[in-house]
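# Notes for the structure review
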Amino acid sequence: MATKSRGFTSTIVHTDRRDPIEHGSIHKPVHTAVTYSYDDARDLAAVFQGEKGGYTYGRQVNPTVTALQDKISMMENSLSTAAFGTGMAAIGTTLFALLRAGDHFISSSFLFGNTNSLFNSFAAHGIEVTFVDATSREEVEKAVQPNTKLVFVETIANPRTQVSDLEGIGEVCREHGLIYFVDNTMTTPYLFQPREVGASLIINSLTKYIGGHANALGGSVTETGNYDWSDFPNIYDNYKKGDPSGWAIQQIKKKGLRDFGASLGPEAAHHISVGSDTLALRMERICSNAQTLCEYLSNHSKVKKVYYPGVADHPEHERSSTLFRHHGGIFSIELVDDVDCFDFINKLDLVICSSNLGDTRSLAIPVAHSIYFEMGPERRASMGIDDSLVRFSMGIEEPDDLVTDFEQALGI
Ligand SMILES: *Cc1c(COP(=O)(O)O)cnc(C)c1O
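Residues numbered from 1 in each chain as written. Predicted model: local features only at pLDDT ≥ 70, side-chain atom pairs only at ≥ 80, totals over all residues. Heavy atoms only, no water.

### Let's talk about the side chain of Gln 193
If you trace the backbone, Gln 193 turns up in the loop between helix 8 (188-191) and strand 6 (201-205). Only 2.8 Å separates the side chain of Gln 193 from the backbone oxygen of Met 75, close enough to count as a polar contact. If near-sequence neighbours (up to four positions away) are discounted, Gln 193 is found in contact with Met 75, Glu 76 and Asn 77. (Helix = DSSP H or I, 4+ residues; strand = E, 2+ residues; numbered from the N terminus. Polar contact = N/O pair within 3.5 Å; in protein donor to acceptor, adjacent residues only side chain to side chain. Contact = heavy atoms within 4.5 Å.)

### Considerations on helix 4 (residues 87-98)
Under the 1.5 Å per step criterion, the end-to-end length of helix 4 is 17 Å for 12 residues, consistent within 8% with the ideal 16 Å. Taken across its 12 residues, helix 4 has 10 buried, putting it largely inside the fold. Turning to helix 4, its buried residues number three or more, namely Gly 87, Ala 89, Ala 90, Ile 91, Gly 92, Thr 93, Thr 94, Leu 95, Ala 97 and Leu 98. Where helix 4 begins, one side-chain oxygen reaches toward the backbone nitrogen of Met 88, 3.4 Å away; that side chain belongs to Thr 86. (Expected span 1.5 Å × (residues − 1). Buried < 20%, exposed > 50% of the residue type's maximum accessible area, 1.4 Å probe, protein only.)

### Regarding the site of the ligand
In the region of the ligand, the neighbouring residues are Thr 86, Gly 87, Met 88, Phe 112, Glu 154, Asp 183, Thr 185, Met 186, Ser 205, Thr 207, Lys 208 and Gly 218. One of the backbone nitrogen or oxygen atoms of Gly 87 is found 2.8 Å away from an oxygen atom of the ligand. The contact in question runs from an oxygen atom of the ligand to an N or O atom on the side chain of Ser 205, over 2.9 Å. Within the complex, the protein chains bury 93% of what would otherwise be the 380 Å² of accessible surface of the ligand. Listed by contribution, the elements that provide at least two residues to the shell around the ligand are helix 4 and helix 9 (206-210). Classifying every residue of the shell around the ligand gives 3 nonpolar, 6 polar and 3 charged. (Near = heavy atom within 4 Å. Areas by Shrake-Rupley, 256 points an atom, 1.4 Å probe, with all protein chains shown as cover. Nonpolar A, V, L, I, M, F, W, Y, C, P; charged D, E, K, R; others polar.)

### Some details on the domain arrangement of the protein chain
Looking at the assigned domains, one finds that the protein chain contains domain 1 (8-276) and domain 2 (280-409). Each of domain 1 and domain 2 has a C-alpha centre, and the two are 28 Å apart. Counting residues at the interface gives 38 residues for domain 1, matched by 40 residues for domain 2. Contact between domain 1 and domain 2 buries roughly 3200 Å² in total, counting both sides, with carbon and sulfur atoms accounting for 58%. Linking domain 1 to domain 2 there are 1 salt bridge. The salt bridge involving Asp 165 is made with Arg 319; its shortest N-O contact spans 3.9 Å. There are 17 residue pairs in polar contact (both at pLDDT 80 or more) connecting domain 1 and domain 2. Elements represented by at least two residues in the side of domain 1 that touches domain 2 include exactly helix 1 (8-12), helix 5 (113-124), helix 7 (166-176), helix 8, helix 9 and helix 11 (266-276). Here the residues of the side of domain 1 that touches domain 2 are counted per class, giving 17 nonpolar, 17 polar and 4 charged. (Domains from an automatic or database assignment. Buried area = accessible area lost by both parts, 1.4 Å probe. Salt bridge = Lys/Arg side-chain N within 4 Å of Asp/Glu carboxyl O.)

### Looking at the pairing of strand 3 (residues 128-132)
Looking at chain direction, strand 2 (residues 104-108) and strand 3 are connected through 5 bridges and run parallel. Its bridge partner lying in strand 3, Ile 106 is registered against Thr 130. Handedness of the crossover joining strand 2 and strand 3 through helix 5 is recorded here as right-handed. (Pairing = 2+ DSSP bridges. Right-handed = clockwise from strand over helix to strand, strands pointing away.)

### Overview of the side chain of Ser 200
For Ser 200, the position within the fold is in the loop between helix 8 and strand 6. A distance of 2.7 Å separates the side chain of Ser 200 from the backbone nitrogen of Tyr 180, its partner in a polar contact. Non-local contacts of Ser 200, meaning those with residues more than four positions away in its chain, are made with Leu 178, Ile 179, Tyr 180, Thr 222, Glu 223, Thr 224, Gly 225 and Tyr 227.

### Thoughts on the packing of helix 4 against helix 5
Two elements in contact, helix 4 and helix 5, have axes whose closest approach is 11 Å; the angle formed by their N-to-C orientations is 25°. Judged by the angle between their axes, helix 4 and helix 5 are roughly parallel. The hand of the helix 4/helix 5 crossing is right-handed. Residues Met 88, Ile 91, Gly 92, Leu 95 and Phe 96 of helix 4 pack against Asn 114, Thr 115, Leu 118, Phe 119 and Phe 122 of helix 5. Class assignment for the residues of the contact of helix 4 with helix 5 results in 7 nonpolar, 3 polar and no charged. (Axes fitted to C-alpha atoms, helices over the stretch in contact; angles between N-to-C directions. Parallel < 35°, antiparallel > 145°, perpendicular 65-115°, else oblique. Left-handed = near helix turned anticlockwise from the far one by under 90°.)

Encoded structure:
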């Protein structure tokens, strides 16, 4: 990897060309063929048997998707990556491929809502989960049982922006031999590389910042190489090939992606790959916009509370400053009692009312009434989600225009 010492963007915008591409194309073309032909049937057999690299059928992988997978491995400074149709598919199929009935895993209780729902479904299928406060390594350690196999955390949680004790939990996982599965969607590999705190596997929702333009769904799981799978009981003999630090990805690709079929399509992979070229540039602008807005809102009389790791009174401000290049693009606010969150959002002109995040456009959503509605008032209260909470995903607009928009909307 001769390019390793170059900067993040210099490296990723040239990854495709590291392998020869037809006609000298400067990026990987969109390969739409579902299946691939062989002149010699023995070559086809060798590919099926894993003796040779190559393509067989589009559900498993496709050349356009391979190029994106390699780019993500490069971004995460890790061994290898499997891409999926969505971020949820990446999480769900990975746990499905690696855990079995009777296993237990520990998860942060501060979770993306759909991940919370997914983990409860696993519990219904005999894979037990304990939700803990992942800002504290002690809480994670206390939850370890003899049948615990894995710990799942997000870097910065959404919407309240708690920052997990990523280093401490890495030590707990190492001491207890647990798989450390980190959701890096909020930070992206530009702000943080979970491999450095001992992560075994990394999930990124490519739909969010990596794709960056809200025009394609996708997800990925990256194998860092930190975990020695030779003592892990759930790896099938078929996938115990080569270095044991790379066994899991084979099983995730076969028992997860191939058998479940939540594949990433080539057109989506192309959109995501083009979007990802500017990840670093977008994150610089997005994070500085979030910081500017939070400093402005912290002193506003209509705002009761600002949740953003970049403000000094955030409980994990120090941790965020140590671990991450910047503090991310998501923040939430609670409004004072006489301001209705719906009225406020409706008055925003530039900022769009929408449920996504990681777009180039700034977005706002009334959390308790939308993405966290289904979990009910008790679970919301336990997660600290107030009825007036509004979550923002900062875009790349000019900062002055955003401040002006908030100012007029809070003038209600
Ligand atoms: C959006 C999101 C996911 C799921 O990704 P999709 O691509 O929407 O399926 C997972 N984790 C986090 C933190 C997310 O924000």
